[in-house]
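# Examination of the molecular architecture
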There are 4 protein chains.
Amino acid sequence: MLGYFGPEGTFTHQALLTVSDAPARPFLTVAAALDAVRDREVEASMVPIENSVEGGVSASLDNLGDPERSPLRIIQEALVDVRFDLCVRPGTALDQVNKVITHPHAAAQVREWLAVHLPDAHIVERGSTAAAAKTVSDPDSGYDAAVCASIAGELYGLVSLEHDIADNDSAVTRFVLAARPGWMPARTGADKTTLVAYMRHDEPGALLAILQQFAVRGVNLCRIESRPTRTTLGSYCFSIDAEGHLEDDRIAETLMGLKRICKDVVFLGSYPRADRQRPTLRYGGKNADYRSAAEWLSGLGGNMTSNAPGSTSASKKRPSPTVSPSNS
Amino acid sequence: MLGYFGPEGTFTHQALLTVSDAPARPFLTVAAALDAVRDREVEASMVPIENSVEGGVSASLDNLGDPERSPLRIIQEALVDVRFDLCVRPGTALDQVNKVITHPHAAAQVREWLAVHLPDAHIVERGSTAAAAKTVSDPDSGYDAAVCASIAGELYGLVSLEHDIADNDSAVTRFVLAARPGWMPARTGADKTTLVAYMRHDEPGALLAILQQFAVRGVNLCRIESRPTRTTLGSYCFSIDAEGHLEDDRIAETLMGLKRICKDVVFLGSYPRADRQRPTLRYGGKNADYRSAAEWLSGLGGNMTSNAPGSTSASKKRPSPTVSPSNS
Amino acid sequence: MLGYFGPEGTFTHQALLTVSDAPARPFLTVAAALDAVRDREVEASMVPIENSVEGGVSASLDNLGDPERSPLRIIQEALVDVRFDLCVRPGTALDQVNKVITHPHAAAQVREWLAVHLPDAHIVERGSTAAAAKTVSDPDSGYDAAVCASIAGELYGLVSLEHDIADNDSAVTRFVLAARPGWMPARTGADKTTLVAYMRHDEPGALLAILQQFAVRGVNLCRIESRPTRTTLGSYCFSIDAEGHLEDDRIAETLMGLKRICKDVVFLGSYPRADRQRPTLRYGGKNADYRSAAEWLSGLGGNMTSNAPGSTSASKKRPSPTVSPSNS
Amino acid sequence: MLGYFGPEGTFTHQALLTVSDAPARPFLTVAAALDAVRDREVEASMVPIENSVEGGVSASLDNLGDPERSPLRIIQEALVDVRFDLCVRPGTALDQVNKVITHPHAAAQVREWLAVHLPDAHIVERGSTAAAAKTVSDPDSGYDAAVCASIAGELYGLVSLEHDIADNDSAVTRFVLAARPGWMPARTGADKTTLVAYMRHDEPGALLAILQQFAVRGVNLCRIESRPTRTTLGSYCFSIDAEGHLEDDRIAETLMGLKRICKDVVFLGSYPRADRQRPTLRYGGKNADYRSAAEWLSGLGGNMTSNAPGSTSASKKRPSPTVSPSNS
């Protein structure tokens, strides 16, 4: 059983359907959806992580990245085009729409459309676009139309009077499926790694030092957000998506570099990119480059081991006059 | 008249009250609150910009940073401790609370407290904590208590049965007051500058190039967020708060550096930090350092101007044999 | 009158002839050649600055960059192919060459050729290849051949038995013509700027901080050398050639940036590149880019000046409720 | 047997005596001294590497760093204070000194002293200060005094009339003892690693990319010099001394990083610093930090291996609905 930040018919639900059409369980909050994974009530939960129209992004980032909670891993991402429809009960015509209900963020994004096409309609907000659709499905609700995802309309028996009525081009919203550790998607060559880096100091250059760990290994970032840590005002952590997989040596070395310089690093998983876009690698970024550099290095030091103190071969090779500098 | 992302009694309203107790006008959406400034309906509006419990952060960042909207400027910031109270109508005791109403994010943050102290209560979500308080104020609503800001309780005649019931320490949420350009708060020495930088390319190292503009001038960042640009999937901009004021030369030079390498830079204002924390400056970061470096530079080139082609003084100084290299 | 690090017939002399065939005066040491400029005995002096076969490079770099000496400016550079000839008195055949004289560095570079072609010859070193040629010109010297520049052979009446006998491809050596300040070559678009940056601290990252001043403005380096400062062991300065001219805004801003973060910066001049190679500029590196960024910036702050404290227009624009925060 | 860049009595000879007083063999050129090591004629040779008054620095750097020559390794460094004495045959008084002989660079550094104390003396230059001393030792030479190292005076039976007559404070010159690979000095905690990095491209930022490999691992540089590569004009390599030992993980990782991004890297050895100065390490720079980061990393991926394709445990853990995305 999978879970998701509900209710049914939201964009998060729609995102979940892009990865599985098995029955799934909605949760009222992001925290509840993620804790259900931790508590083994569900195998994994879908939550919004970037630019969601119905919220949850901060909650998702903070909950997943919290080093004091039982760790979770992102195993898949999903991208959903945020498209709003004007959904009505079958038989309702546009000129019969007097009262519209929707989520406040959705209302903001269709304001101009409504002003032009339904200038006299009364607009009311509700906690989610899906809840709005459910309300409209009740003929006694007093509402004639919902602005919602088409999926929400279908779910509650409504029909779309108008498709994609947002004032601007549809925004893409990103969702992730989080599971318990113990399984990691195989490297595909077009992967993302998500992590949270906790700064050791709140000093100038600390963020730059973190980013240079990526840059020096040619790892590009897909997303970065500074987030205030709960405990101290003015102390920050960074939530980051980077191109590549834990099995890419450049990612593994970057993670170790971060671990050394940061107060803490929370690894949130490596998983295939939904857009299947492969990174443009610089010279030296492939695993083969890491391997051959390691071989070169071991050739340099290979002779050293033959020189354990007291070994015969070493004493022979060692230019004796330099052993004890006479007068330095 | 000032405006804010409402309704009355939300944390945004509370933030506004920390900067002005004049009458103010709530707006249903962040976009509406900001457009009212653009349309001269209000002088300035308070909107959430970081980690707000009731949403609006993405909407604020995207609206303020949009290069195609009429520009606004942040002139003040406000920090609010997010503290939730359990508010009831006067006379209600804890053991009489059977039905609780609140905002979903608030619900998530008091879940453990409710599980311990009101294990049998039914919890219902609403669009804002203020709306929840308003509902409870109606004895016929069927709700006994709201989880909301104390300000919301007071506003609707409720009393706080329990203070600060969040499961974790209160988070600080940040709000900004945005006005039309034309006025800028004076430099205090403890200032912030907010901007949005649009990348020219979606290439490895582009973010690093942006951050180096700050680092090379010793400017520390307070906040950074990559944000997908509306038009193209995979294209990003960066919303940034930096320490310092436009009248600090290090900020002015950084802004020009960004302007040169970025596709676009939206300047969102310089304003005093709410926490009054002054930056730790590196060598060379003060305006006096910029001034003396400029004087030094003009001394280097000062002689050049006296050397306009054909000028007598120049021809005298000029070592004639080098004028026309004979055989290079 | 020009000067050069002599004696006559050296590669430095050859370099000088590429820029002027007027009579010139040789000096025994680099310091003497440069001090003659300071003392107005000559207008400018040619000295080696990179990879010279006959020395002088350290002396040139240290003397030019010394902040305690009267400043000089490089006004021209010259590149010379270091080609060695085997020069003899007219009439001498290869099988008559028993004793060869040359400069030690020259000897090192023609060793294999001599071993093959003159296996039995006795090789003797002297202070310069020109001095070697002069010696050979005296039939009573006991020497049969000099390894020297062709110019030295001609100067002393010798003929080249063999041309370009170096074991490896000829190295290019770089020379500069240094004059008193007061004149600067005009920008050509293919220029170099030479400077010495004295570090404030001997700390990790100090060199990187210096280089980032160049990198952030897209200025490429042609040469960098750390050089121990005379006064303190372990304290370093950096001698640097960068692409561009003082009249390029990116160079001017870089110089000011260095001046702010360094203990001292000695500007040694902007001058045309001998190889006439133009830099590949990044976005934002042209003077026009600097100009338009400065215009943009002044547009941001332009309104500020209209808001001088107490000015009437300002008070009108200023949203009055925010003037005195009531309770922050 | 050890070798050195001679002749006897030079500062290089003096440097060699600080590490060994066994009999040693002088070579006329740096190349000859180093090739004698390659040819097993001597065990190791001392050559100047930084700021030598008698030259050889370029020759040493280029010869040691040449990737086409048989590799050598620096096993020890020596610092020598360059102090010049005025040496005469026993019995000569200052007012009897009419003719002085020395090396040109030495002449430059004692010019003021000579002008004041021997205003009428004739100064002649020679290939080395030691050769000058040898000349003076011959009463029939016509020379009364040599400006040379005290060691050279002693060697040829001269006495010091005046000590340390350089016009400026004595400069420290650095020498290295180079041996064949096969032996490496043990890590002392105050070590240096010398290498030459050949750039892949002659592009803006290539040097910065090289330096960031050091900076990101907290490795400080002691010396850096760009050097033109012999083959192509305008192509550069970098000769670098860094703090630390090949057995320091931060050095090993830096070397591998360089190897990946550079066209070639020539490792020239890890050896104790002559000044015994220990590096100031940043957070995360110790071997223990590298070890614990590697352990942390292997904990992240540890579960992955249990998920070899087809393994039973993996299939159990894997949340089955996500295996084949239904409609992405």
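Structure: above.
Remember, predicted model here, so these are calculated numbers, not experimental data.

### Thoughts on the overall build of chain A
The secondary structure content of chain A amounts to 11 helices and 14 strands. Buried residues in chain A amount to 58% of all 328 residues. Taking all contacts inside chain A whose residues are at least 6 apart in sequence as the whole, residues at least 24 apart take part in 75%. Summed over its atoms, the accessible surface of chain A is roughly 12700 Å², and 49% of this surface lies on carbon and sulfur atoms.

### Re the environment of leucine 177 of chain A
With respect to the helices, strands and loops of the structure, leucine 177 of chain A is situated in strand β10 (residues 172-179). Considering only alpha carbons, one finds leucine 177 of chain A and tryptophan 296 of chain A, 119 residues apart in sequence, at a separation of 41 Å.

### Digging into the nonpolar core
Among the nonpolar cores identified, the biggest contains 64 residues, and Ile210, Phe214, Ile224 and Leu255 of chain A together with Ile210, Phe214 and Ile224 of chain B are the most heavily contacted of them. Those residues in contact with isoleucine 210 of chain B, other than ones at most four positions away along the chain, are Ala197, Met199, Phe238, Ile240, Leu258, Ile261 and Cys262 of chain B.

### Digging into helix α1 (residues 11-19) of chain C
The buried count for α1 of chain C comes to seven of nine residues, which makes it a mostly enclosed element. Of all the positions in α1 of chain C, only Phe11, Thr12, His13, Ala15, Leu16, Thr18 and Val19 of chain C are classed as buried.

### As for the packing of aromatic side chains
Applying the stated criterion to the full structure yields four aromatic pairs over all chains. Ring centres of phenylalanine 11 of chain A and phenylalanine 84 of chain A lie 5.6 Å apart, and the angle between their planes is 90 degrees; on these two criteria the pair is classed as edge-to-face. Highlighted residues: phenylalanine 11 of chain A in helix α1 (residues 11-17) and phenylalanine 84 of chain A in the loop between β4 (73-81) and β5 (85-88), separated in sequence by 73 residues. Phenylalanine 84 of chain A matches phenylalanine 11 of chain A in its accessibility class, with the two residues each being buried. The cationic tip of arginine 200 of chain A hangs over the ring face of tyrosine 283 of chain D; the distance from NZ or CZ to the ring centre is 3.9 Å.

### Quick look at the sheet that holds strand β5 (residues 85-88) of chain B
Residues and elements named next belong to chain B. With mixed pairing, the five strands of this open sheet are ordered in space as β7-β6-β8-β5-β9. Lying at the two open borders of the sheet, with one neighbouring strand each, are β7 (122-125) and β9 (159-162). Across the sheet, the mean angle from the axis of one strand to that of its neighbour is 35 degrees, orientation sign disregarded. Here β5 runs beside strand β8 (residues 145-148); their pairing, made up of four bridges, is antiparallel. Looking at the pairing, cysteine 87 lines up with alanine 146 of β8.

### Thoughts on the interface of chain A and chain B
A common measure of how large an interface is: the accessible area buried when the components associate. With 43 residues of chain A at the interface, the matching set in chain B holds 42 residues. Across the chain A/chain B interface, buried area totals approximately 3600 Å², and carbon plus sulfur atoms make up 57% of it. At the boundary of chain A and chain B, one finds two salt bridges. Between aspartate 35 of chain B and arginine 111 of chain A there is a salt bridge; the shortest N-O distance is 2.8 Å. Our count for the contact surface shared by chain A and chain B stands at four residue pairs in polar contact (both at pLDDT 80 or more). Per-element accounting of the side of chain A that touches chain B gives the leading share, eight residues, to strand β12 (residues 221-228) of chain A. In the side of chain A that touches chain B, the residues fall into 19 nonpolar, 12 polar and 12 charged.

Cut-offs and rules
Residues numbered from 1 in each chain as written. Chains lettered and ligands numbered in written order. Predicted model: local features only at pLDDT ≥ 70, side-chain atom pairs only at ≥ 80, totals over all residues. Heavy atoms only, no water. Helix = DSSP H or I, 4+ residues; strand = E, 2+ residues; numbered from the N terminus. Buried < 20%, exposed > 50% of the residue type's maximum accessible area, 1.4 Å probe, protein only. Contact = heavy atoms within 4.5 Å. Areas by Shrake-Rupley, 256 points an atom, 1.4 Å probe, with all protein chains shown as cover. Core = buried A, V, L, I, M, F, W, Y, C linked by side-chain atoms within 4.5 Å. Phe/Tyr/Trp six-rings, centres within 6.5 Å; stacked < 30°, edge-to-face > 60°. Lys NZ or Arg CZ within 6 Å of the ring centre and 35° of its normal. Pairing = 2+ DSSP bridges. Axes fitted to C-alpha atoms, helices over the stretch in contact; angles between N-to-C directions. Buried area = accessible area lost by both parts, 1.4 Å probe. Salt bridge = Lys/Arg side-chain N within 4 Å of Asp/Glu carboxyl O. Polar contact = N/O pair within 3.5 Å; in protein donor to acceptor, adjacent residues only side chain to side chain. Nonpolar A, V, L, I, M, F, W, Y, C, P; charged D, E, K, R; others polar.

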